[in-house]
Amino acid sequence: AAMARLLTRYGVGATATPIEFAGLPGVKLGPVQPDSALGRLGFQRGDLLFAIDGQPATPASLAALAAATTQSRHQVLTVKLGRGGALFERVYVVE
């Protein structure tokens, strides 16, 4: 319920620009509002997102990710991202 209120109030919480990095398509996050759904998940400005639950990251899939965090509890999301020159997968558990 709290995440749903955040999505309603702040939207996705970040702009997403399509990019390609090391041959991987993805999106680069602009400023992330701290109290938004994405901010609460710990995403930061400049993060490069390449895949969300195995699907290519796009501005639309980012919006779907933010919406999904408000829909159900006890959800596990796997995100492939780049931060600070490192590429890794991070698992998010939405409670």
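Above this text sits the structure in question.
Below you will find a few notes about this structure. (Residues numbered from 1 in each chain as written. Predicted model: local features only at pLDDT ≥ 70, side-chain atom pairs only at ≥ 80, totals over all residues. Heavy atoms only, no water.)

### Comments concerning the overall build of the chain
Okay, step 1: Counting its secondary structure elements, the chain contains 3 helices and 6 strands.
Okay, step 2: What you see in the chain, going N to C, is helices and strands ordered as α-β-β-α-β-β-α-β-β.
Okay, step 3: Residues counted as buried form 37% of the 95 residues belonging to the chain.
Okay, step 4: Considering only residue pairs separated by 6 or more positions, the chain has 43% of its internal contacts joining residues 24 or more positions apart.
Okay, step 5: If you sum the accessible surface of the chain, you get close to 5300 Å²; carbon and sulfur atoms cover 55% of it. (Helix = DSSP H or I, 4+ residues; strand = E, 2+ residues; numbered from the N terminus. Buried < 20%, exposed > 50% of the residue type's maximum accessible area, 1.4 Å probe, protein only. Contact = heavy atoms within 4.5 Å. Areas by Shrake-Rupley, 256 points an atom, 1.4 Å probe, with all protein chains shown as cover.)

### Describing the pattern of salt bridges
Okay, step 1: Considering all chains together, one arrives at 2 salt bridges under this definition.
Okay, step 2: Put simply, Arg-40 and Asp-35 hold a salt bridge, and the shortest N to O gap is 4.0 Å.
Okay, step 3: Residue Arg-83 is joined to Asp-47 by a salt bridge in which the shortest nitrogen-to-oxygen separation is 2.7 Å. A residue pair is termed long-range when its members are at least 10 positions apart, and Arg-83 in strand E5 (residues 75-83) and Asp-47 in the loop between helix H2 (37-40) and strand E3 (48-52) qualify at 36 residues.
Okay, step 4: What makes Asp-47 buried here is its relative accessible area of 1%. (Salt bridge = Lys/Arg side-chain N within 4 Å of Asp/Glu carboxyl O.)

### Remarks on the pairing of E5
Okay, step 1: As paired elements, E3 and E5 share 4 bridges and run antiparallel to each other. Bridge assignment links Ile-52 to a residue of E5, and that residue is Val-79.
Okay, step 2: Sheet analysis places E5 next to strand E6 (residues 86-94), joined by 9 bridges and oriented antiparallel. The residue bridging Gly-82 from the neighbouring strand is Leu-87, located in E6. (Pairing = 2+ DSSP bridges.)

### Description of a nonpolar patch on the surface
Okay, step 1: On the surface, Val-76, Val-91 and Val-93 cluster together into a nonpolar patch covering about 260 Å² of accessible area.
Okay, step 2: Along the chain, Val-76 turns up in strand E5. (Patch = residues over 30% accessible without salt bridge, like charges linked within 9 Å, V, L, I, M, F, W, Y side chains within 5 Å.)

### Description of unusual backbone geometry
Okay, step 1: With a phi close to 55°, Ala-22 is a non-glycine residue in the positive phi region.
Okay, step 2: Note on placement: Ala-22 falls in the loop between strand E1 (14-21) and strand E2 (24-32).
Okay, step 3: Residues other than glycine seldom take positive phi values, yet Asp-53 does so here, at roughly 50°.
Okay, step 4: Relative to the helices and strands, Asp-53 is located in the loop between E3 and strand E4 (55-56).

### Looking at the packing of aromatic side chains
Okay, step 1: With the rule as written, the count across this model stands at 2 aromatic pairs.
Okay, step 2: Arranged with centres 5.1 Å apart and planes meeting at 35°, the rings of Phe-43 and Tyr-92 form a pair that is tilted. Pair noted here: Phe-43 is in the loop between H2 and E3 and Tyr-92 is in strand E6, with a separation of 49 residues, a long-range link. (Phe/Tyr/Trp six-rings, centres within 6.5 Å; stacked < 30°, edge-to-face > 60°.)

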